[in-house]
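One letter stands for each residue in the lines below.
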Amino acid sequence: MGKTLDVQQARVPPEEVLWKQMIVKGASNTFGWDPNAAFLVAVPVLYSHPPPLESWMPLTVGIDRQEPKRGRGEGERLAALPMAVAFPRGEEREVGGAPRAGTVPVKTKPWRSGAGRAGERAMEALAMLAAGAALLLGLCALLFYHFVAATRCRNAVSLRGKTVLITGGNAGIGKATAVDLARRGARVILACRDKARGESAVRDIRRESGNSEVILMILDLANLNSVRAFAQTFLKSEPRLDILINNAGVFKDGQTTDGFDLGFQVNHLAHFLLTHLLLDRLKRCAPSRVVIMSSSAHSSGKIDFQTIHKPVEGMWQALQSYSNSKLANILHTLELANRLEGTNVTCYVVHPGIVKTEIGRSCPHWLPWLLWFMKLFIRDSDSGAQTTIYCATEEGIERLSGRYFVDCQPKVPSPQARDDQLAKKLWEFSERLLGLTS
């Protein structure tokens, strides 16, 4: 026998045996044994077989520090463990009543076999996986409702007797907007570059809306002469213009026939010219509205008057050009609102969300694969059109003219997009590029 130790100080080497949680007089100890035994409990003497409960002895005893043996016999292995004894599988026992002098109540807990503990570890792993999956689902739901589940325009405002002009109305957000406004009874003019695709869109919109007053007019925003010719034809053929929606856009490098950067001209400069040429008609039909399409990409844009209009090459340069043009859209709206004050013509600029449209059809084919996960958070065109529809139709938002809208409500854009002086300088710069100043 070895030296005397309290049971709470006694330990079985973990590398030699399995371990198990014990409850001894309200304190925890860790012991272990063979999977064939159902229970282990700290006791004062070495036994190969369970002793009668009434023969239990005091907790402070001498123990033998011999190493556990590797024999197959149940009693052989058990006898090698200091201060351990087995009880039948599936039972819990407690030494109750008034114990004799020198004894203490002892409560045992079920022994879990190696397979049982492996199952328990598997269950813990499954629980952790379930918690991780729940967290991931929660994050996806948050991202979905933040990026994908657009707030819908709920008003039922009628547009009967109104004329709406939409650039790029043959596909994507523009087409979805045209369907909605046509359902409200508006006369809808689609300003499109491609005649065949425009005619197909007109047929679709007429069928979906039940409105035959959907008209195609040809407009190429990459050609400023086309913009001027379009405006002239429109003013001759259409007596009204109640809502102008500058929707069309590109994300592409290259140079226009006018020598400007393709993205800057199509997204900003040509729409600036179109709005200028149609502004008197809008004023005559007041109350009227201008809705300009922008993007959250404006936050990474910058206005460098030395380079913003110059053609770029390559996808990354095209991305910067796109961001610059989206910033220009917001600044254009800001200054336009200032200049239209008191005319009963109001203007709004919108971010539609991340929408699956044809604007990125010129991107490299590998880019969608690189950003495949973004598909989870991309809106369809109908969802992306809701804020445009809201700004075109919602009553009572006239006091918010010049504001930036996201998900059918005003939102504060980036600091540079709120710079009144920068907006004024861009306006004057755009006029000079277009030859609108003497």
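Structure shown above.
What you are looking at is a predicted structure, and each value in this text was computed from that prediction instead of being measured. (Residues numbered from 1 in each chain as written. Predicted model: local features only at pLDDT ≥ 70, side-chain atom pairs only at ≥ 80, totals over all residues. Heavy atoms only, no water.)

Pairing within the open sheet is mixed, and its eight strands lie in the order β10-β9-β8-β11-β12-β13-β14-β15. At either margin of the open sheet sits one strand with a lone partner, and together these are β10 (214-218) and β15 (409-411). Each strand axis lies, on average, 25° off the axis of its neighbour in the sheet, ignoring direction. In this structure, strand β8 (residues 163-167) lies alongside strand β11 (residues 243-246), joined through three bridges in parallel fashion. Looking at β11, one finds that L165 is bridged to L244. Sheet strands touched by helix α7 (residues 315-339): β12 (288-293), β13 (345-351) and β14 (404-406). Its angle to β13, the strand with the most contacts, is close to 160°. (Pairing = 2+ DSSP bridges. Helix = DSSP H or I, 4+ residues; strand = E, 2+ residues; numbered from the N terminus. Axes fitted to C-alpha atoms, helices over the stretch in contact; angles between N-to-C directions. Contact = heavy atoms within 4.5 Å.)

With respect to the secondary-structure elements, D261 resides in the loop between β11 and α6 (262-284). Of the side chains with opposite charge, K252 comes closest to the buried, unpaired D261, at an N-O distance of 11 Å. At 3.3 Å, the side chain of D261 forms a polar contact with the backbone nitrogen of V312. With sequence-adjacent residues up to four places away left out, D261 is seen in contact with G254, T256, I308, H309, K310, P311, V312 and S321. (Buried < 20%, exposed > 50% of the residue type's maximum accessible area, 1.4 Å probe, protein only. Lys, Arg positive; Asp, Glu negative; His and termini not counted. Salt bridge = Lys/Arg side-chain N within 4 Å of Asp/Glu carboxyl O. Polar contact = N/O pair within 3.5 Å; in protein donor to acceptor, adjacent residues only side chain to side chain.)

Right, let's talk about the pattern of salt bridges for a bit. Taken as a whole and judged by the stated rule, the model has nine salt bridges. Between K175 and D204 there is a salt bridge, with its nearest N and O atoms 2.8 Å apart. Remark: D204 occurs in helix α4 (residues 195-209) and K175 occurs in helix α3 (residues 172-183); sequence separation between them is 29 residues. Linking R289 and E398 is a salt bridge whose minimum nitrogen-to-oxygen distance equals 2.9 Å. With a gap of 109 residues between them, R289 in strand β12 and E398 in the loop between α10 (386-393) and β14 connect regions that are remote in the sequence. Taking relative accessible area as the criterion, R289 reaches 9% and is therefore assigned buried. Judged by relative accessible area, which is 36%, E398 ranks as partly exposed.

We now examine a nonpolar patch on the surface. Taken together, M123, L126 and L129 make up a surface patch of nonpolar side chains, about 340 Å² in accessible area. Along the chain, L129 falls in helix α2 (residues 114-148). Accessibility expressed as a relative area gives 60% for L129, which makes it exposed. (Patch = residues over 30% accessible without salt bridge, like charges linked within 9 Å, V, L, I, M, F, W, Y side chains within 5 Å. Areas by Shrake-Rupley, 256 points an atom, 1.4 Å probe, with all protein chains shown as cover.)

Attention shifts here to the environment of R403. Checked against the element boundaries, R403 lands in the loop between α10 and β14. The partly exposed category is assigned to R403, whose relative accessible area is 34%. With 54 residues separating them in the primary sequence, R403 and V349 have C-alpha atoms 6.4 Å apart.

For the coordinates displayed, the defined rule picks out zero disulfides. With no disulfide of its own, C153 lies closest to C408 among cysteine sulfurs, the gap being 5.7 Å. (Disulfide = S-S within 2.5 Å.)

The next point concerns unusual backbone geometry. Between A286 and the following residue, P287, the backbone shows a cis peptide bond with an omega angle of 5°. Relative to the elements of secondary structure, P287 occurs in the loop between α6 and β12. For D407, which is not glycine, the phi torsion reads 50° and is therefore positive. Inspection of the secondary structure assignment puts D407 in the loop between β14 and β15. Positive phi is not limited to glycine here, since C408 has a value of about 65°. Here C408 shows up in the loop between β14 and β15. The class for C408 is buried, based on a relative accessible area of 9%.

Attention now goes to helix α5 (residues 224-237). Look at α5: 20 Å from first C-alpha to last across 14 residues, which is about the 20 Å you get at 1.5 Å a residue. Where α5 is concerned, the buried positions are L224, S226, V227, F230, A231 and F234. The buried residues of α5 all sit within an arc of 145° when viewed along its axis, so they share a single face. The exposed residues of α5 that point more than 90 degrees off its buried face are N225 and K236. Buried residues in α5 make contact with β8, β9 (187-192), β10, α6 and α11 (420-434). Its side-chain oxygen placed 2.9 Å from the backbone nitrogen of N225, N223 serves as the N-cap of α5. (Expected span 1.5 Å × (residues − 1). Arc of directions from axis to C-beta.)

This part takes up the packing of aromatic side chains. With the rule as written, the count across this model stands at six aromatic pairs. On the numbers, 5.9 Å between centres and 80° between planes, the contact of Y348 with F405 is edge-to-face. Here Y348 is found in strand β13, whereas its partner F405 is found in strand β14, with 57 residues between them in sequence. Each member of the pair, Y348 as well as F405, carries the same accessibility label: buried. Linked through ring pairs, Y348, Y390 and F405 together constitute an aromatic cluster. (Phe/Tyr/Trp six-rings, centres within 6.5 Å; stacked < 30°, edge-to-face > 60°.)

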